[in-house]
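Examination of the molecular architecture
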Amino acid sequence: MRTFVLRARAAPTDSRKLLESVGRDAHAEILAHTLMNAIFVAQSHRPQVVVYLVLESTHDYSRTIRFEADALRDIGGFDERNLLSKVCKALDASIGMGKEDARSVEPGINVQTLSFERLVQQLAEDHQLFLMDRKGTPIHQQAFADKPCFLLTDHIPMPKKTIPGLERLGARKVSLGPTMLFASQCVVLIHHALDQR
Ligand SMILES: C[S@@+](CC[C@H](N)C(=O)[O-])C[C@H]1O[C@@H](n2cnc3c(N)ncnc32)[C@H](O)[C@@H]1O
């Protein structure tokens, strides 16, 4: 199982604002690109992949949308419009939810009003956490067990004060080289590195 968490700090939890932000400051397209590269390969999907999108620009609670590749049905295509429509459907389904509530959206997709910090605490119970960071251990030198979970952000960096807490949960920094990449590009390189093993 490979798990990816995209902490989308600028992404609105209002579906209309999310769509309006494509190509603008909040760059909602990052969500679609990351989903695409995490879940899909040519003519198929990757088995055993889970993606969490954590949208944090909100007036109430962060929304954590979980996509489980093996359970998705009728995803309808991998273009930005289609993938963002799934995100919007989850956001609309979450309207009115209380704190740390959960709803099923469609097969393979659910939404929770869960913060990044609480999500990562939960994942740390049975996953090995890796914080993607240019200054971390080169990925080809890093050992991986059977449930790695890779933590990424959108164009806004991980807040510095979050990092000691992640390290206390066991997160290790892993690098894909000195070039600053998009999260979606990191996902491709992570899959490639793990595919070689
Ligand atoms: C566009 S980058 C974030 C840029 C942001 N301005 C920053 O300074 O972190 C998106 C995500 O990819 C990760 N990332 C980008 N290049 C990387 C690299 N060469 N190795 C490891 N992670 C990388 C970042 O750590 C971040 O989680």
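Residues numbered from 1 in each chain as written. Predicted model: local features only at pLDDT ≥ 70, side-chain atom pairs only at ≥ 80, totals over all residues.

Here's the deal with helix α4 (residues 116-124)
An α-helical segment advances 3.6 residues per turn. Residues three or four places apart therefore align on the same side. Every buried residue of α4 is listed here: F116, L119, V120 and L123. The arc that holds the buried residues of α4, viewed along the axis, is 95°, so those residues lie on one side. For α4, the secondary structure elements touched by its buried residues are β1 (2-12), β4 (49-57), β5 (63-68), β8 (128-138), β9 (148-153) and α5 (163-168). (Buried ≥ 20, exposed ≤ 12 C-beta atoms within 10 Å, placed from the backbone. Helix = DSSP H or I, 4+ residues; strand = E, 2+ residues; numbered from the N terminus. Arc of directions from axis to C-beta. Contact = placed C-beta atoms within 7 Å.)

Some words on the UniProt feature "binding site: S-adenosyl-L-methionine" (unreviewed entry) in the protein chain
UniProt records the feature "binding site: S-adenosyl-L-methionine" (unreviewed entry) at M132 and C186, using the numbering of this structure. Spanning 55 residues, the annotated positions come together in the fold, the maximum distance between their C-alpha atoms being 8.2 Å. Locating M132 in the fold gives a position in strand β8. On the neighbour-count criterion, M132 (23 C-beta atoms within 10 Å) is buried. Following the sequence through the fold, C186 ends up in helix α6 (residues 183-195). Discounting residues that sit within four places of it in the chain, C186 has contacts with M132, L152, L176 and L181. (UniProt positions renumbered as here; feature names shortened; annotations may be inferred.)

Quick notes on the sheet that holds strand β6 (residues 102-106)
In space, the eight strands of this open sheet follow the order β6-β7-β5-β4-β1-β9-β8-β10, with mixed pairing throughout. In this open sheet, the two strands that pair with only one neighbour each are β6 and β10 (172-175). Neighbour to neighbour, the strand axes of the sheet diverge by 30° on average, direction disregarded. Bridge count between β1 and β9: five bridges; the pairing is parallel. Considered in β9, the bridge of L6 is made with L152. (Pairing = 2+ DSSP bridges. Axes fitted to C-alpha atoms, helices over the stretch in contact; angles between N-to-C directions.)

Regarding the site of the ligand
Near the ligand lie 16 residues; those nearest to it are M132, L152, P157, L176 and L181. Per-element tally for the shell around the ligand: the top contributor is β8, with three residues. Of the residues that constitute the shell around the ligand, the class distribution is nine nonpolar, five polar and two charged. (Near = placed C-beta within 6 Å. Nonpolar A, V, L, I, M, F, W, Y, C, P; charged D, E, K, R; others polar.)

Digging into the confidence of the model for the protein chain
Atomic detail in the predicted coordinates should be set aside for any region of low pLDDT. Per-chain confidence: the protein chain averages 96 in pLDDT, with 100% of residues scoring 70 or above. Here the prediction assigns the complex a pTM of 0.97, and the interface score ipTM is 0.97. (pLDDT = per-residue confidence, 0-100.)

Notes on the nonpolar core
Membership of the largest hydrophobic core comes to 52 residues, with the highest contact counts inside it found for V5, L31, L53 and L151. For L53, the residues in contact, after removing those within four places along its chain, are L6, A8, L31, I65 and V87. (Core = buried A, V, L, I, M, F, W, Y, C linked by C-beta atoms within 7 Å.)

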